[in-house]
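# Working through the structure, step by step
Each chain, letter by letter, is given below.
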Amino acid sequence: MFRIAQEALTNARKHAGPARASVQLTYRQDRVTVEVRDDGGGTPPQEGATTVGSGGYGLIGMRERVALHGGTLTAGPQADGGFAVVADLPLTTDEAAEAAVQHEEARR
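Residues numbered from 1 in each chain as written. Predicted model: local features only at pLDDT ≥ 70, side-chain atom pairs only at ≥ 80, totals over all residues. Heavy atoms only, no water.

This part is about the pairing of strand S3 (residues 72-77). Relative to strand S4 (residues 83-90), S3 runs antiparallel, the two sharing six bridges. Looking at S4, one finds that Thr72 is bridged to Asp88. Here S3 folds back onto S4 in antiparallel fashion, the turn holding five residues, of which Gly81 has a positive phi close to 105°. (Pairing = 2+ DSSP bridges. Helix = DSSP H or I, 4+ residues; strand = E, 2+ residues; numbered from the N terminus.)

Now the structure itself:
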């Protein structure tokens, strides 16, 4: 998830112009979702664009990385302006069990 958020924030910085970006991480029992949204009016990154100087993956790389883990990625302009990248990944049985234990410990 870190690389997805990092790449999406790099794209926002590079393409959104003067804008604000937000990152939201949502854990559910069987999946985790990361959303990176900006309110910029710049040019959206082109499919397959890479991040200069970082060996970045661009949108195609993000899509491939998420698909490799059985998840989905949506990326595109938002209706009210700006751009959004949303990655949704399933948790393995072990990851889900560990998340449940951590959640229970945090409630104590």
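Okay, the pattern of salt bridges next. Under the criterion given, the structure shown has five salt bridges. Of the charged contacts, one joins Asp39 and Arg20 as a salt bridge, the two residues approaching to 3.2 Å between their closest N and O atoms. One end of the pair, Asp39, is in the loop between strand S2 (31-38) and helix H2 (58-68); the other, Arg20, is in the loop between helix H1 (2-15) and strand S1 (21-27), and 19 residues separate them in sequence. Residue Arg20 is classed as exposed on the basis of its relative accessible area of 64%. Ionic pairing is found between Asp88 and Arg28, a salt bridge with its closest N-O pair at 3.9 Å. Taken as a pair, Asp88 in strand S4 and Arg28 in the loop between S1 and S2 lie far apart in primary sequence, 60 residues in all. (Salt bridge = Lys/Arg side-chain N within 4 Å of Asp/Glu carboxyl O. Buried < 20%, exposed > 50% of the residue type's maximum accessible area, 1.4 Å probe, protein only.)

A cluster of nonpolar side chains, contributed by Met1, Leu25 and Tyr27, occupies part of the molecular surface with about 310 Å² of accessible area. Take Met1: it is sitting in the segment before H1. With a relative accessible area of 30%, Met1 lands in the partly exposed category. (Patch = residues over 30% accessible without salt bridge, like charges linked within 9 Å, V, L, I, M, F, W, Y side chains within 5 Å. Areas by Shrake-Rupley, 256 points an atom, 1.4 Å probe, with all protein chains shown as cover.)

We now examine H2. The α-helix winds at 3.6 residues per turn, so residues separated by three or four positions along the chain end up facing the same way. Turning to H2, its buried residues number three or more, namely Gly58, Leu59, Gly61, Met62 and Val66. What you see down the axis of H2 is that its buried residues fit within an arc of 160°, all on one side. Among the exposed residues of H2, those pointing more than 90 degrees away from its buried face are Glu64 and Leu68. One or two steps after H2, the chain reaches Gly70, where phi turns positive at roughly 80°. (Arc of directions from axis to C-beta.)

Right, let's get into the environment of Gly76. Among the secondary structure elements, Gly76 is positioned in strand S3. When the C-alpha atoms of Gly76 and Arg37 are compared, they prove to be 9.8 Å apart, with 39 residues separating the residues in sequence. Ignoring anything within four residues of it in the chain, the contact list for Gly76 reads Phe83 and Ala84. (Contact = heavy atoms within 4.5 Å.)

Grouped together as the largest cluster of nonpolar side chains are 16 residues, with contacts concentrated most on Ile4, Val34, Met62, Val66, Leu73, Val85 and Ala87. The element contributing the most residues to this core is S4, with four residues. If we ignore the near neighbours within four places in the chain, the residues touching Ala87 are Met1, Ile4, Val32, Thr33, Val34, Val66, Thr72 and Leu73. (Core = buried A, V, L, I, M, F, W, Y, C linked by side-chain atoms within 4.5 Å.)

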